[in-house]
Amino acid sequence: MRVLNARQMREADRRTIEDLGIPSIVLMENAGRQVIAAMEAAFGSLGGRRVTVLSGRGNNGGDGFVVARGLWQQQCDVVVCLVGAAGDVRGDARINLDILGRLGVPVIEIASDEEWEQQSRAVLDGDVIVDALFGTGLSAPVSGVYETVIADVNAAGVPVVSVDLPSGLSADQCAPIGPAIAASLTVTLGAPKLPLVMPPAEALAGTLVV
């Protein structure tokens with residue numbers, strides 16, 4: 001199986017969307033559903049469990065919104081936390097965020113360390129955390145509230161499922177570029193990325209599912 005960097009993954013997505021004609025919103029839906037399937041294979045039935053979905057503002061966060069919707073439909077106790085402002089969410093991710101709103105699924109917005117401090121106990125008090133903060137688009141170390149969230153997630157002692165990459169890793173680097181999630185399970189999409197299979201960053205991926 002080929003291992004891809006960020007540019008190669010973008011090209012694979014482009015060809016899938018433009019050449020094959022599969023809309024990007026379908027890819028996002030499929031991604032979220034496959035994450036749920038991998039979680040069920042790892043942890044068993046999720047019905048009735050408390051699952052926190054930590055989403056960022058980009059497409060990785062959009063995958064997280066799909067995961068949240070699917071878990072909500074399975075009667076999970078889902079807590080959705082958007083690290084960032086809803087007004088900054090665009091494209092397919094915005095569509096899936098709006099769907100959560102129409103379903104009545106609350107979304108907690110966290111834009112500062114102060115807001116995270118107020119909400120962190122409720123957010124981290126669960127059975128599983130889904131990390132959908134950053135995907136292959138990250139190229140610089142996280143800072144600010146993202147760094148705080150990552151540190152607290154790593155200290156929480158709760159299993160973490162990362163979508164595509166543990167947040168904080170760069171798809172182009174084999175070593176962490178800064179603070180990063182230490183995942184229990186990483187569900188990567190399309191193909192493995194460099195830091196998921198090469199040391200030392202591979203130690204943060206946990207069990208890898210493609």
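Summary of the structure given here. (Residues numbered from 1 in each chain as written. Predicted model: local features only at pLDDT ≥ 70, side-chain atom pairs only at ≥ 80, totals over all residues. Heavy atoms only, no water.)

Overview of the sheet that holds strand β7 (residues 207-209)
Backbone hydrogen bonds are what pair the strands of a sheet, in a parallel or an antiparallel way. This is how it is decided: One bridge is not enough; two strands pair if DSSP finds at least two bridges between them. The helix count covers DSSP runs of H or I at least four residues long, the strand count covers runs of E at least two residues long, and both are numbered beginning at the N terminus. Helix axes are fitted to C-alpha atoms over the stretch in contact, other axes to C-alpha atoms as well, and angles between N-to-C directions run from 0 to 180 degrees. In what follows, a contact means two residues having at least one pair of non-hydrogen atoms within 4.5 Å.
Within the open sheet, the seven strands sit side by side as β3-β2-β1-β4-β5-β6-β7. Their pairing is parallel. Looking at which strands have only one partner, the edges of the open sheet turn out to be β3 (107-110) and β7. Averaged over all neighbouring strand pairs, the angle between strand axes comes to 20°, with direction disregarded. Where strand β1 (residues 50-55) lies against strand β4 (residues 128-132), five bridges are found, and the strand directions are parallel. Bridge pairing in β4 places S55 opposite A132. Strands in contact with helix α2 (residues 24-43) are β1, β4, β5 (160-163), β6 (185-187) and β7; relative to β6, the strand with the most contacts, it is inclined by about 150°.

What about the nonpolar core?
Stated precisely, the cut-off is as follows: Here, nonpolar core refers to any group of buried Ala, Val, Leu, Ile, Met, Phe, Trp, Tyr and Cys residues whose side-chain atoms link them within 4.5 Å. For every residue, the accessible area obtained with a 1.4 Å probe (protein chains only) is divided by the maximum for its type, and the residue is called buried under 20%, exposed over 50%, and partly exposed between those limits.
In terms of nonpolar packing, the biggest core is built from 30 residues, with M39 and L71 touching the most fellow members. Those elements that provide at least two residues to this core are α2, β1, α3 (59-73), β2 (77-83), α4 (91-103), β4, β5 and β6. Broken down by element, this core gets its largest block of residues, five residues, from α2. Apart from the residues lying within four places of it in its own chain, the contact partners of L71 are I36, M39, L46, V51, C76 and V78. Residues V145, V149, I150 and V158 belong to the second largest nonpolar core, which totals 21 residues.

Observations concerning the state of the cysteines
Think of a disulfide as a covalent bridge from one cysteine sulfur atom to another cysteine sulfur atom. We apply this condition: Disulfides are defined as cysteine sulfur pairs within 2.5 Å.
Within this structure, the stated rule accounts for zero disulfides. Looking at C81, it has no disulfide partner, and the nearest cysteine sulfur is the one in C76, 17 Å off. Judged by its relative accessible area of 0%, C81 falls in the buried class.

Points about the pairing of β5
Residues V160 and S162 line one face of β5 and the alternating positions V161 and V163 line the opposite face, and both faces are buried. Strand direction decides the pairing type here: β4 and β5, joined by three bridges, are parallel. Along β5, the bridge assignment pairs V130 with V161. Both β5 and β6 contribute to a ladder of three bridges, which runs parallel. What sits directly across from S162, in β6, is T186.

Examining the packing of α2 against α3
What counts here: Convention used here: angles under 35 degrees read as roughly parallel, angles over 145 as roughly antiparallel, angles from 65 to 115 as roughly perpendicular, and any remaining angle as oblique. Each crossing gets its hand from how the near helix is turned against the far one by less than a right angle, where anticlockwise is left-handed and clockwise is right-handed. We call Asp, Glu, Lys and Arg charged. Ala, Val, Leu, Ile, Met, Phe, Trp, Tyr, Cys and Pro are nonpolar, and the rest, Gly among them, are polar.
Interhelical geometry of α2 versus α3 gives an angle of 55° and a closest axis separation of 8 Å. Classed by the angle they form, the pair α2 and α3 counts as oblique. α2 and α3 meet at a crossing whose hand is right-handed. On α3, the residues that touch M28, E29, A31, G32, R33, V35, I36 and M39 of α2 are N59, G62, D63, V66, V67, R69, G70, L71 and Q73. Tallied by class, the residues present in the contact of α2 with α3 amount to eight nonpolar, five polar and four charged.

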